[in-house]
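An overview of the molecular structure
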Amino acid sequence: MRMLVALCLLLWTLPAVAQTPASGGGEFVRGAAVLRITALTPEILRVQIAPQGRFPEDASWAIPASVRSRRATVTPRTDGFETAALVVHVDPATLRLTVTDRAGKTIAADAADPLRLEGDAFTLRKALPLGEHYFALGDKTGPFDRRGASYVNWNTDAFGYEGTTDPIYKSIPFALSVGGAGGAYGLFLDNTRRSWFDFGHREEGVLAIGAPAGPIDYYLIAGPTPAEVVRRYTDLTGKAPLPPRWALGYQQSRYSYMSDAEVRDIAGKARESGIPLDVIWLDIDFQDRNRPFTTNAAAYPDLKRLAADLRSTGIRLVAITDLHIAAAPDQGYAPYDSGKAGGHFLTNPDGSLYVAPVWPGPAVFPDFTRAATRAWWGGLYKGLADGIAGFWNDMNEPAIFETPSKTMPLDIVHRIDSDDFAPRSASHAEIHNVYGMENARATHDGLLKLQPDARPFVMTRAAYAGAQRYAVTWTGDNSSSPEHLRLSVQQLLNLGLSGMAWSGADVGGFVGGASPELLTRWVAIGAFTPIFRVHVTKDGPRTEPWADSPEHLAIRRKFIEARYRLLPYLYAVAEETARAGDPVMRPVWYDYPSQLAPACDQSMSFTLGRDLLVAAPPRYETGRAYDVCLPSAGWYDYWSGLPVAEKHKEMPALDRLPVYVRPGTILPRQPLARSTAEVPQGPLELHVYPGPDCHGALYWDDGASLHGATLRQEITCTVTPQGLTLDFGKRAGAYRPWWKEIAVTIHGWDGDGRVKGIRTTRDVSARTLSFTLKDQPGAKRIEIVR
Ligand code: GLC
């Protein structure tokens, strides 16, 4: 309906276009309106439109000024300009924008009637060609591919959301198009308002995006590969930094572990039942009357001591610190008193404090758009951060109870004083979607200030584009059902494509309570997702791995252990992610483009890094065999190490999750440890799966510090007529690792194998050849001769 009204309000009807040279791009004028296109790099264009000729202030919560000010060299053309990678055409009659590659293939093109205005609201209309598929947009529900659907960006506390609920917690107005003529591209609308993306839902063949107000300011990011687009999107909005290594371990949570004794019991049971464990989470009941930055002294008489005792067994605590500060004047509650004195809380339009109910009852809300308020908030972690290893920023959409909108009124006043924004007041309508991210930023920066050399660990529920710089995330209050297990896979994949490389879903489901079978299946898959945390609602069943039968415990343990054995691989992937911006968990087509149109159902398939492919059953409940189709011939079964057929069938057995290794992988693993803090006993393992482009990477450091010594090493392998050559590159960095020896296992090996001066062992049925080397810090070639 709104679109129809908008039709009548076309603005761009005046004739005449003038192109003025602008540094790094061009400006195109039509009547009062100005279209400004700036090439930040040869592949990244920023498009801004000023319908009345006046551009709003150039400031952004997502993209730092230093990035926005980059300029690529451009060459003017009669109808636009070109960069080293792109040709930009602007149709003089309509101002329609078409971006092609240098060979003339269309990457992204405006639809007819590219801009519609209605008051402050705008709609941008682009072509949605057949064959293009759309991804990203954060953790939105629905199918993996966004094509054919419509989404709203409005951070919402969506307790018990369903498979089609929209919006939910995050607003990441970034879409990734894959499969188009000119290759993959990204579209990032840097507008914090309640924006929307419509992928041909309302109008066939039209990709429409819009917002009710705010800047018309978007980025077109060319590939041509999806990986190049995601890396460039994270060049703009930031890379997810390397987390502390313990964050890669198994994490046990519940709403809530109610006492010191219960937490110790959980830690003890994990050890007794042989479950490796790195983190126990403290949910709101560890606090006094749900007041952030307090402790319930009766239940947790000595939190520091608890943290220290657990730490000595390799387990860390992460604690919740929600942003709603109890409105508790004159009660000696320091966060309220100091926040009030510093003028850090949000106000109503009349200047009075905004007070609304959340977990602590009446609460007040910090204005995270102020650098000074963020600094004050960060300071609240003093003391707490001494023992607690990481923090959980929940409810930061922000969630408000007892109101239909579930959040604060849109006219609540923020007083922006941050970054390159002009100090000014702003309505909550403008700030809502960045509020949670700035909360996480305040926590992150505060922890960094308190412990300048420690990697902060923060988990946030709400996010805007760029939140990956400050926090990891999870998909909020999902449910215990096979549908939600399936949904979580697409959510985590789309989060990764949206820059948020570190994400998890509540394993087992938050609402409802998992059956033993569902929990076991979810643990198996969760073990291969970036953040691996079991969490469940209050009054839900026990969901610790040992809660059900010994049979279930054994299967869960097997998958948790698998995760710990893979730590050297996972950590190398994590480090690469921090540099490149690639997701940790990826759609199969991310690295294997042919799999955009797979030969079988890959809805529950994904890769972890490039080299491991998980092919979970699309519908385990049916109990029926399903097809697995791998990207090429020659892949190996991860569990047996044996080569497998490119296409084959699997049964949805409870104790087997099909995982495969790319031919050409050198996979580092380690002996089993009970936490990431435990030094593995024995050699580092290198599993070699011969194939094309054979390589692997080692990355190690102390696991916690930001500026400490590191170790990096590349290893390659080549199949030769005589056998196989393994090349260790020279190790970079001064970090001295825990391993003294390297145990090499070559898979798919038949016949004898000799290595000069080293004893080798053959296993005929496993088709392996194994031998142990001294650690190889220098460049070294090992020849394996058949
Ligand atoms: C919210 C969170 C959930 C948490 C609960 C209590 O519902 O999403 O994870 O357990 O609040 O803090």
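What you are looking at is a predicted structure, and each value in this text was computed from that prediction instead of being measured.

Criteria and cut-off values
Residues numbered from 1 in each chain as written. Predicted model: local features only at pLDDT ≥ 70, side-chain atom pairs only at ≥ 80, totals over all residues. Heavy atoms only, no water. Near = heavy atom within 4 Å. Polar contact = N/O pair within 3.5 Å; in protein donor to acceptor, adjacent residues only side chain to side chain. Areas by Shrake-Rupley, 256 points an atom, 1.4 Å probe, with all protein chains shown as cover. Disulfide = S-S within 2.5 Å. Helix = DSSP H or I, 4+ residues; strand = E, 2+ residues; numbered from the N terminus. Buried < 20%, exposed > 50% of the residue type's maximum accessible area, 1.4 Å probe, protein only. Core = buried A, V, L, I, M, F, W, Y, C linked by side-chain atoms within 4.5 Å. Contact = heavy atoms within 4.5 Å. 1 Å grid on protein atoms, 1.4 Å probe; cavity = no way out; pocket = protein on both sides within 12 Å on 5 of 7 lines; lining within 4 Å. Points joined across faces, edges and corners; volume = space filled by probe spheres on them. Domains from an automatic or database assignment. Buried area = accessible area lost by both parts, 1.4 Å probe. Salt bridge = Lys/Arg side-chain N within 4 Å of Asp/Glu carboxyl O. Pairing = 2+ DSSP bridges. Phe/Tyr/Trp six-rings, centres within 6.5 Å; stacked < 30°, edge-to-face > 60°.

A closer look at the site of the ligand
Close to the ligand lie 13 residues, the nearest being Asp 283, Asp 394, Arg 461, Asp 477 and His 535. Take Asp 394: an N or O atom from its side chain is 3.0 Å from an oxygen atom of the ligand. Arg 461 places a side-chain nitrogen or oxygen 2.8 Å from an oxygen atom of the ligand. Isolated, the ligand exposes 310 Å² of accessible area, and the fraction of that covered by the protein chains is 97%.

A closer look at the state of the cysteines
Tallied over the full model, the rule gives 2 disulfides. The disulfide partner of Cys 600 is Cys 629, and the S-S distance across this bridge is 2.1 Å. Between Cys 600 and Cys 629 the disulfide shows an S-S torsion of about -110 degrees. By sign, it is left-handed. One end of the pair, Cys 600, is in the loop between helix H14 (588-591) and strand E34 (605-608); the other, Cys 629, is in strand E36 (residues 626-629), and 29 residues separate them in sequence. Considered together, Cys 600 and Cys 629 belong to a single accessibility category, that of buried residues.

Regarding the nonpolar core
Of all hydrophobic cores here, the largest spans 187 residues; its most connected members are Leu 176, Phe 365, Trp 377, Phe 528 and Leu 726. Once residues within four sequence positions are removed from consideration, Phe 528 is found in contact with Phe 559, Arg 563, Leu 566, Phe 606, Leu 608, Val 614, Trp 639, Leu 657 and Val 659.

With respect to empty space enclosed by the protein
Within this structure, the stated rule accounts for 7 cavities of 30 Å³ or more. The computed volume of the largest cavity comes to approximately 110 Å³. Arg 521, Ile 525, Ala 616, Pro 617 and Leu 657 are, among the 15 residues lining the largest cavity, the residues nearest its centre. Residues from two domains meet in the lining of the largest cavity; each of domain 2 (245-322 + 371-396 + 432-567) and domain 3 (585-661) gives at least three.

A closer look at the domain arrangement of the protein
Reports often express the size of an interface as the amount of accessible area lost when the parts come together. Split into domains, the protein comes out as domain 1 (2-237), domain 2 (245-322 + 371-396 + 432-567), domain 3 (585-661) and domain 4 (682-785). Centre-to-centre separation of domain 1 and domain 3, based on C-alpha positions: 35 Å. Counting residues at the interface gives 9 residues for domain 1, matched by 4 residues for domain 3. Regarding the contact of domain 1 and domain 3, the summed buried area is about 540 Å², with carbon and sulfur atoms giving 82% of it. Three residues stand out in domain 1 for area buried against domain 3, namely Phe 144, Pro 226 and Ala 227, and they jointly supply 47% of the buried area on that side. For the interface between domain 1 and domain 3, the tally reads 0 salt bridges. Contributions of two or more residues to the side of domain 1 that touches domain 3 are made by strand E11 (133-136), strand E14 (174-178) and helix H3 (226-237).

Details of the environment of Val 534
Position of Val 534 among the secondary structure elements: in strand E32 (residues 532-534). With a relative accessible area of 0%, Val 534 lands in the buried category. Not counting residues within four places of it along the chain, the set of residues in contact with Val 534 comprises Tyr 250, Gln 251, Gln 252, Ser 253, Val 507, Val 523 and Thr 543.

Here's the deal with the sheet that holds strand E24 (residues 361-364)
The strands making up a sheet associate through backbone hydrogen bonding, with each pair oriented either parallel or antiparallel. In space, the 3 strands of this open sheet follow the order E22-E24-E23, with antiparallel pairing throughout. Because the sheet does not close on itself, it has two edges, and the strands there are strand E22 (325-326) and strand E23 (356-358). As defined by bridge partners, E22 adjoins E24 across 2 bridges and the pair is classed as antiparallel. Within E24, the position partnered with Ile 325 by the bridge is Val 364.

Topic: the pattern of salt bridges
Taken as a whole and assessed by the stated rule, the structure comprises 60 salt bridges. Notably, a salt bridge pairs Arg 586 with Asp 591, separated by 3.0 Å at the nearest N-O pair. A relative accessible area of 3% places Arg 586 in the buried class. The partner of Arg 656 in a salt bridge is Asp 637, with the nearest N and O atoms 2.8 Å apart. Placement of Arg 656 in the loop between strand E38 (647-650) and strand E39 (659-661) and of Asp 637 in strand E37 (residues 636-637) is noted, with a sequence separation of 19 residues between them. Judged by relative accessible area, which is 24%, Arg 656 ranks as partly exposed. For Asp 637, a relative accessible area of 6% translates into the label buried.

Notes on the packing of aromatic side chains
Per the counting criterion, the structure on display carries 39 aromatic pairs. Each ring, one from Tyr 161 and one from Tyr 169, has its centre 6.0 Å from the other, and the planes form 75 degrees; the classification is edge-to-face. For the pair Phe 286 and Tyr 300, a centre-to-centre distance of 6.4 Å together with 90 degrees between the ring planes defines the contact as edge-to-face. Separated by 14 residues along the polypeptide, Phe 286 in the loop between strand E20 (279-282) and helix H5 (303-311) and Tyr 300 in the loop between E20 and H5 bring together distant segments of the chain. Residues Phe 286 and Tyr 300 agree in their burial class; the two are buried. Through a chain of ring-to-ring contacts, the aromatic side chains of Phe 293, Tyr 336, Phe 345, Phe 368, Trp 376, Trp 377, Tyr 381, Phe 391 and Tyr 435 assemble into a single cluster.

As for the side chain of Asn 290
Looking at the element boundaries, Asn 290 is found in the loop between E20 and H5. Judged by its relative accessible area of 16%, Asn 290 is buried. Not counting residues within four places of it along the chain, the set of residues in contact with Asn 290 comprises Ile 284, Asp 285, Trp 359 and Pro 360.

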